[in-house]
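Now for the letters of each chain:
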There are 2 protein chains.
Amino acid sequence: MPDAGDLPVLKAIALLGGCRGPVRVSTQSLSTTLGTSPQTISRRLKSLDSAHLITRNVDPSGQSVEVTKGGEEILRREHAEYCRIFSRTGGHFILKGAVISGLGEGRYYMSLDHYKNQFRINCGFEPYPGTLNLRLIQQSVPVRKKLDSLEWTTIPGFSDEHRTFGEARCLSCRIQGIPCALIVPGRTHYPEDIVELIAGVPLREELGLEDNDIIEVEIGYD
Amino acid sequence: MPDAGDLPVLKAIALLGGCRGPVRVSTQSLSTTLGTSPQTISRRLKSLDSAHLITRNVDPSGQSVEVTKGGEEILRREHAEYCRIFSRTGGHFILKGAVISGLGEGRYYMSLDHYKNQFRINCGFEPYPGTLNLRLIQQSVPVRKKLDSLEWTTIPGFSDEHRTFGEARCLSCRIQGIPCALIVPGRTHYPEDIVELIAGVPLREELGLEDNDIIEVEIGYD
DNA sequence: ATTACTAGTAGACGAGTAA
DNA sequence: TTTACTCGTCTACTAGTAA
């Protein structure tokens, strides 16, 4: 969660191509495009840097700045919200990937009453304790990115006496007709070719899946 | 030019459907979704209201809010910038519309040296003093809206001793192969089915156009 | 329950300056 | 030219209160 005023600066850097590689900027140039003072830009850049949303190389003649994965994620989410406002086009997406073994963390989280209830309310099924992890085929990675534009449900986090549990986003989908949900834990930086799924039934058993089996996930949005 | 902090509030209203009709909100509900205080929301709503970006009906049980054309335009521009960051897809668009008579304002502006030079630099031709106005056919109106996502060039305004002249945006296009540019004056609220074009030659003469002739404008983006 | 005022405070801004 | 510090000002915030 960057400071509200940092976002325009991040966006300006991205518009200059900062998501694709380092771009040279100066506090002055950014200040004119954003209609503020160089001092403020300097402060904002420092803030973005310490929030790990950009990386930079400062030298006496200026600085070259690059947007990090985390920064791009924030921009992508912002983009998704605007898409939701204007493009109310439905869509149908297919993700294809290979079954892989997760770390078993999903099983633990899904066993917690809080998440169980939340998913029951939001997805229409009580999650089987355990998640199915897929490594997407290369062609599905851009499709996965597009999904960020759809309307994900946010599952709030909670905390007990020992620790806090983060929020997560989920999106309904189907695998061979079985209702499932893609879930993305709150703040973790997932590899972009990995997705995690939950369902009301043990998917591996139900579909007879083994590691490396290729399956399709269907996201219908209507 | 709304206050920077107003934008998230405007966006939140739009996400609730405020672009399509009035939505009921409360300062409290918005404050939780935006992570701020109800007081701030109250102030922001007032600010958006007085900037004519929203209209609202306040009653003792809450308020219903709707995003105005002007508000939508700001959001659409924001959306366009994010599109420019992420979707670097080219595209090819055709606008179809009927030739109509403008107010002759375009002729005046295009006769000013400042604009002449700017357009020469940015569009590759010195604009013939006079603009061609089109009333788009209905099917072209949504296409026109999509164009906002493309990379328009901003022509800065200027001021002489008497008055100030606003900025404008332009986008290269072609009519029957002749290089032209769509131009949109800075802050005016154009009817969404009207577009204005400039070229290096007198288009009406060159193409033998009369009022109500239907022509096609080609926007190729590469 | 609302909205929106007032008041006090915290923090952001930009001018000036140094490196 | 840069970046980024300090510092005084002023804006924007939230708490409290009224309607």
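The structure we're discussing is the one just above.
Remember, it's a predicted structure, so these values are computed and weren't measured experimentally.

Reading the values: rules and limits
- Residue indices begin from 1 for each chain and proceed along its sequence in written order.
- Chains and ligands are labelled by the order in which they are written, letters from A for the one and numbers from 1 for the other.
- Totals for whole chains, interfaces and linings use every residue, but because this is a predicted model, local features are given only for residues with pLDDT of at least 70 and side-chain atom pairs only at 80 or more, for both listing and counting.
- Side-chain metrics rest on all non-hydrogen atoms present in the structure, leaving aside hydrogens and water.
- Any two residues whose heavy atoms approach within 4.5 Å are treated as being in contact.
- Put simply, buried area is how much 1.4 Å-probe accessible surface two parts lose in total, over both of them, once they are put together.
- Any carboxyl oxygen of Asp or Glu that lies within 4 Å of a side-chain nitrogen of Lys or Arg is treated as forming a salt bridge with it.
- In the analysis that follows, any N or O atom pair within 3.5 Å is treated as a polar contact, provided that within protein one partner can donate a hydrogen and the other can accept it, and provided that, for residues neighboring in sequence, both atoms belong to side chains.
- Numbering of helices and strands starts at the N terminus; helices are DSSP runs of H or I of at least 4 residues and strands are runs of E of at least 2.
- Each residue receives one of three labels: charged for Asp, Glu, Lys and Arg, nonpolar for Ala, Val, Leu, Ile, Met, Phe, Trp, Tyr, Cys and Pro, and polar for the others, Gly being one of them.
- Each residue gets one of three labels from its accessible area relative to the maximum for its type: buried under 20%, exposed over 50%, partly exposed in between, using a 1.4 Å probe on protein chains only.
- Directions drawn from the helix axis to the C-beta atoms are what define this arc.
- Nearness is judged by heavy atoms alone; a residue qualifies as near a molecule or strand once a single heavy atom is within 4 Å of it.
- The copies are overlaid by a least-squares fit using only the C-alpha atoms of residues whose pLDDT is at least 70 in both copies.

Trainee: Help me out: how do you make sense of the interface of chain A and chain B in this one?
Mentor: Between chain A and chain B, the residue contacts involve 18 residues of the former and 18 residues of the latter. The contact between chain A and chain B buries some 1,800 Å² in all, and 69% of this surface belongs to carbon and sulfur atoms. On the chain A side of the contact with chain B, Lys11(A), Tyr82(A) and Phe86(A) bury the most area, a combined 37% of that side's loss. Along the contact surface separating chain A from chain B lie four salt bridges. Put simply, Lys11(B) and Glu81(A) hold a salt bridge, and the shortest N to O gap is 2.5 Å. Linking chain A with chain B are four residue pairs in polar contact (both at pLDDT 80 or more), by the criterion used here. Those elements that place two or more of their residues in the side of chain A that touches chain B are α1 (6-15) and α4 (69-86) of chain A. Its residues placed into classes, the side of chain A that touches chain B shows nine nonpolar, one polar and eight charged.

Trainee: Help me understand helix α7 (residues 140-147) of chain A, please; the structure alone is not making it clear to me.
Mentor: Every α-helical turn comprises 3.6 residues, leaving residues that sit three or four positions apart pointing alike. Residues of α7(A) that are buried: Ser140(A), Val141(A), Arg144(A) and Leu147(A). What you see down the axis of α7(A) is that its buried residues fit within an arc of 105°, all on one side.

Trainee: Hey, could you run me through unusual backbone geometry in this one?
Mentor: Excluding glycine, a negative phi dihedral is what most residues carry, and trans is how most peptide bonds are arranged. Residues and elements named next belong to chain B. Positioned with a positive phi, His-52 is a non-glycine residue whose angle comes to about 60°. As for its placement among the helices and strands, His-52 is situated in the loop between α3 (38-50) and β2 (54-59). For Gln-176, which is not glycine, the phi torsion reads 45° and is therefore positive. Position of Gln-176 among the secondary structure elements: in the loop between β9 (168-175) and β10 (178-185).

Trainee: I tried to follow the protein's contact with DNA strand D on my own but got confused; where do I start?
Mentor: Around DNA strand D there are 19 residues in total, and Thr27(A), Ser37(B), Thr40(B), Arg43(B) and Arg44(B) lie nearest to it. Counting only the atoms of DNA strand D that lie within 4 Å of the protein, the sugar and phosphate share comes to 74%. The contact in question runs from a phosphate oxygen of DNA strand D to an N or O atom on the side chain of Arg44(B), over 2.5 Å. Those elements that provide at least two residues to the surface near DNA strand D are α2 (27-34), α3 (38-50), β2 (54-59) and β3 (62-67) of chain A together with α3 of chain B. No other element matches the four residues that α3(B) contributes to the surface near DNA strand D. Here the residues of the surface near DNA strand D are counted per class, giving three nonpolar, eleven polar and five charged.

Trainee: What is the right way to look at the relation of the copies chain A and chain B in this model?
Mentor: Note that the two copies of the chain are related through a rotation about an axis and a translation along the same axis. Each copy superposes on the other: chain A lies on chain B with an RMSD of 0.2 Å after a rotation of 180° and an axial shift of 0.1 Å. Considering both components of the superposition, the chain copies are consistent with a two-fold axis. Distance from the rotation axis, computed per C-alpha, reaches its smallest value in chain A at His79(A): 3.3 Å. Residue by residue, 100% of the interface of chain A is reproduced at the interface of chain B, so both copies engage with the same surface.

Trainee: Please explain the environment of Leu150(B) as it appears in this structure.
Mentor: Residue and element names in this part refer to chain B. With respect to the secondary-structure elements, Leu-150 resides in the loop between α7 (140-147) and β6 (153-155). Residue classification places Leu-150 among the buried residues on the basis of a relative accessible area of 8%. Leu-150 sits 70 residues away from Ala-80 along the chain, and the two C-alpha atoms are 6.9 Å apart.

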